[in-house]
Amino acid sequence: MTAPTTTPSATPAAEPSRPDPAPYARPGGFPVVGVVGGGQLARMMQPAALALGLRLRVLAEGPDVAAAQVITPAPVGAADDLAALVAFASDCDAVTFDHEHVPGEGLRAMAEVTSVQPGADALVHAQDKVVMREKLTELGVPCPAWARVADRAAVEAFAASAGWPVVLKTPRGGYDGKGVLVLDGPQDAAGWATAEAWLADWAGRGGLLAEEHVPFTRELAALVARSPSGQAAAWPVVETVQRGGVCHEVTAPAPGLAPELAARLTDVALRIAGGLGVTGVLAVEVFEVEREGVRDVVVNELAMRPHNSGHWSIDGSVTSQFENHLRAVLDLPLGETAPRAPWTVMVNVLGPERIEERHEDLYRSYLHVMAHDPGVKVHLYGKEQRPGRKLGHVTVYGDDLESVRARARHAAAFIAGEIDE
């Protein structure tokens, strides 16, 4: 499952020729890749770009965002500013993304001047959850029962067939648990107050997505990379643990996962990548379920970019998700995805809920962790501390899962101010 594979049947049609990008420094002829968005994902692409000899540029939300601290030039521009997007793309050999929030109009405008990966027709499935559900259902991918709902009556009609609780999602704009509401039933007064406000807000935009509440045993994620020519590669399936709707811990590979189910999930992810014409990294987040004694998976969300569930690969895999994403964007041969050790655990460093727990100087806590356990790899994102915010992550790999997990948890908890030593 880790070796690159070729899927010629999913190869997109050849794109029309485009004018060459504007002249830009390309020592040795190595291309320039632009990233729209200056968050931690763009920041973590920089080491991979340097290793590949590439020049990285970032269209940043502000001069001090995470990626702009380590990548230059980083012109400031909004993801919905058409002129800024086109000007940025004109100096790049290919453009990719730190997030999925670039409007389709902007994606198509950039595609007139350079290669955009993934393209608008693929990215819409990560931007709009209803469009995603429609396409996945068409592809025969296992999904929760779902429906588009425009009012309370439609929600209650859906619940009559799918059962309570019902999960309501805004089709666009939600991430890390935002834009998701669980309605317990007709008596859930607080939930309905929020739901009816959402329904009113989305009344002229097609309504909300309603899904069945899936009783799952755990959450898993499959990460694959796919190039425009159809080459694909897959990393081991991982187990993810959420905290307050935010990914907190990832274990690679997922402990106790039957090889047959891991293979099925990898096949589902590759089928989605080919069916949607994805280029770059695709993360498929799923629920592991047990029905009548048989374990299976149900697809929850998609992300068409490097993803939190793949951060472990920076230190724990032969080729990281960031390197293979850049390789795929440029249609270079994809790298080997085999793990470096039997187990890798990544734990996110989240901003503490109580301000008094905060380390005023994250650098000093980082030094403490380095001295305490030299085998821990720490990645901080240059962000100001806020409750629940992703400030960084730590990774540990080795032969013993319990030891690896304990070390990673301790390091992340210390940096986050949750423990003193």
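Here, the structure is the one placed above.
Since the structure is predicted, the reported quantities are computational estimates derived from the model, not experimental observations. (Residues numbered from 1 in each chain as written. Predicted model: local features only at pLDDT ≥ 70, side-chain atom pairs only at ≥ 80, totals over all residues. Heavy atoms only, no water.)

Trainee: Looking at this structure, how should I read the sheet that holds strand β6 (residues 146-149)?
Mentor: Strand pairing within a sheet occurs via backbone hydrogen bonds; the two strands may be parallel or antiparallel. Spatially, the 4 strands line up as an open sheet ordered β6-β9-β7-β8, and their pairing is antiparallel. Strand pairing shows two members of the sheet lacking a second neighbour, β6 and β8 (180-183), which therefore form its edges. Shown here is a sheet whose adjacent strand axes are inclined to one another by a mean of 25 degrees, direction ignored. Sheet analysis places β6 next to strand β9 (residues 208-212), joined by 4 bridges and oriented antiparallel. Note on β9: the bridge partner recorded for Val149 is Leu208. (Pairing = 2+ DSSP bridges. Helix = DSSP H or I, 4+ residues; strand = E, 2+ residues; numbered from the N terminus. Axes fitted to C-alpha atoms, helices over the stretch in contact; angles between N-to-C directions.)

Trainee: Quick question: what am I supposed to make of the side chain of Asn308 here?
Mentor: Within the secondary structure, Asn308 is located in the loop between β15 (294-303) and α9 (313-316). Among the polar contacts made by the side chain of Asn308, one reaches the side chain of Asn348 at a distance of 2.8 Å. Only 2.9 Å separates the side chain of Asn308 from the side chain of Lys390, close enough to count as a polar contact. Beyond its immediate stretch of four places on either side in the chain, Asn308 contacts Cys247, Val250, Met346, Asn348 and Lys390. (Polar contact = N/O pair within 3.5 Å; in protein donor to acceptor, adjacent residues only side chain to side chain. Contact = heavy atoms within 4.5 Å.)

Trainee: Any chance you could explain the environment of Leu50 here in plain terms?
Mentor: Secondary-structure assignment places Leu50 in helix α1 (residues 40-52). For Leu50, a relative accessible area of 58% translates into the label exposed. For the pair Leu50 and Glu323, spaced 273 residues apart in sequence, the C-alpha separation works out to 9.7 Å. (Buried < 20%, exposed > 50% of the residue type's maximum accessible area, 1.4 Å probe, protein only.)

Trainee: Help me understand empty space enclosed by the protein, please; the structure alone is not making it clear to me.
Mentor: Space left empty within the atom packing is revealed by a probe, the size of a water molecule, rolled over the atoms. Scanning all chains against the criterion turns up 1 cavity of 30 Å³ or more. Lining the largest cavity are Glu219, Leu220, Glu285, Val286, Phe287 and Asn300. Elements with a minimum of two residues in the lining of the largest cavity: β10 (218-226) and β14 (280-291). (1 Å grid on protein atoms, 1.4 Å probe; cavity = no way out; pocket = protein on both sides within 12 Å on 5 of 7 lines; lining within 4 Å. Points joined across faces, edges and corners; volume = space filled by probe spheres on them.)

Trainee: What should I look at first to understand the pattern of salt bridges in this one?
Mentor: Opposite charge on two side chains permits pairing when their charged atoms draw close. Evaluated as defined, the whole model comprises 23 salt bridges. The residue Asp296 makes a salt bridge to Arg264 at a minimum N-O spacing of 2.8 Å. Remark: Arg264 occurs in helix α8 (residues 259-276) and Asp296 occurs in strand β15; sequence separation between them is 32 residues. The exposure class assigned to Arg264 is partly exposed, which follows from its relative accessible area of 34%. Between Asp373 and Arg407 there is a salt bridge whose closest N-O contact spans 2.7 Å. Here Asp373 is found in the loop between α11 (362-372) and β17 (377-380), whereas its partner Arg407 is found in helix α12 (residues 401-415), with 34 residues between them in sequence. You can call Asp373 buried: its relative accessible area is 13%. In this structure, a network of salt bridges that share partners links the residues Arg218, Glu239, Glu288, Glu290 and Arg295. (Salt bridge = Lys/Arg side-chain N within 4 Å of Asp/Glu carboxyl O.)

Trainee: Just checking my understanding: could you explain helix α3 (residues 104-111) for this structure?
Mentor: In an α-helix, one full turn covers 3.6 residues, which means residues spaced three or four apart are oriented alike. For α3, the set of buried residues is Gly106, Leu107, Ala109 and Met110. Down the axis, α3 shows its buried residues gathered within 165 degrees of arc, on one side only. Where α3 is buried, its residues touch β2 (32-36), α2 (82-89), β4 (94-97), β5 (115-116) and α4 (120-127). (Arc of directions from axis to C-beta.)

Trainee: Can you walk me through the nonpolar core in this structure?
Mentor: One recurring pattern in soluble globular proteins: nonpolar side chains tend to sit buried together. Formed by 46 residues in total, the largest nonpolar core has its most connected members in Val36, Phe97, Met110, Ile272, Leu282, Val299 and Leu302. Ranked by the residues each element gives to this core, the list is headed by α8, at 8 residues. With near-sequence residues (within four places) excluded, Val36 lies in contact with Leu59, Ala79, Leu85, Phe88, Val95, Thr96, Phe97, Asp98, His99, Val102 and Met110. Within the second largest apolar cluster, 22 residues are counted, among which are Leu52, Leu54, Ala67 and Ile71. (Core = buried A, V, L, I, M, F, W, Y, C linked by side-chain atoms within 4.5 Å.)

Trainee: Can you help me understand the packing of aromatic side chains in this one?
Mentor: Where two aromatic rings form a pair, the distance of their centres and the angle of their planes describe that pair. Applying the stated criterion across every chain, the model contains 3 aromatic pairs. Ring plane angle 75 degrees and centroid distance 6.3 Å describe the contact between Trp164 and Trp192, whose orientation is recorded as edge-to-face. Residue Trp164 is located in the loop between α6 (152-162) and β7 (166-169), and its partner Trp192 is located in helix α7 (residues 189-201); the two are separated by 28 residues in the primary sequence. Taking the relative accessible area as the measure of exposure, Trp164 reaches 32% and is therefore partly exposed. Classification of Trp192 by relative accessible area gives buried; the value is 3%. A centroid spacing of 6.4 Å and a plane angle of 55 degrees characterise the contact between Tyr363 and Tyr366, whose relative ring orientation is tilted. With Tyr363 and Tyr366 both in helix α11 and 3 residues apart, the pair spans about one turn of that helix. Owing to a relative accessible area of 52%, Tyr363 belongs among the exposed residues under this scheme. Overall, Tyr366 belongs to the partly exposed group, its relative accessible area being 24%. Its guanidinium or amino end placed over the ring of Trp192, Arg152 lies 3.9 Å from that ring's centre, counting from NZ or CZ. Directly above the aromatic system of Trp202 lies the positively charged group of Arg205, at a separation of 3.8 Å from the ring centroid. (Phe/Tyr/Trp six-rings, centres within 6.5 Å; stacked < 30°, edge-to-face > 60°. Lys NZ or Arg CZ within 6 Å of the ring centre and 35° of its normal.)

Trainee: Hey, could you run me through the pairing of strand β11 (residues 231-234) in this one?
Mentor: Successive residues of a regular strand alternate their side chains across the two faces of the sheet. The side-chain alternation of β11 yields two buried faces, one formed by Gln231 and Ala233 and the other by Ala232 and Ala234. Where β10 and β11 come together, 3 bridges link them in antiparallel fashion. Each bridged residue has a counterpart across the sheet, and for Ala225 the counterpart in β11 is Ala233.

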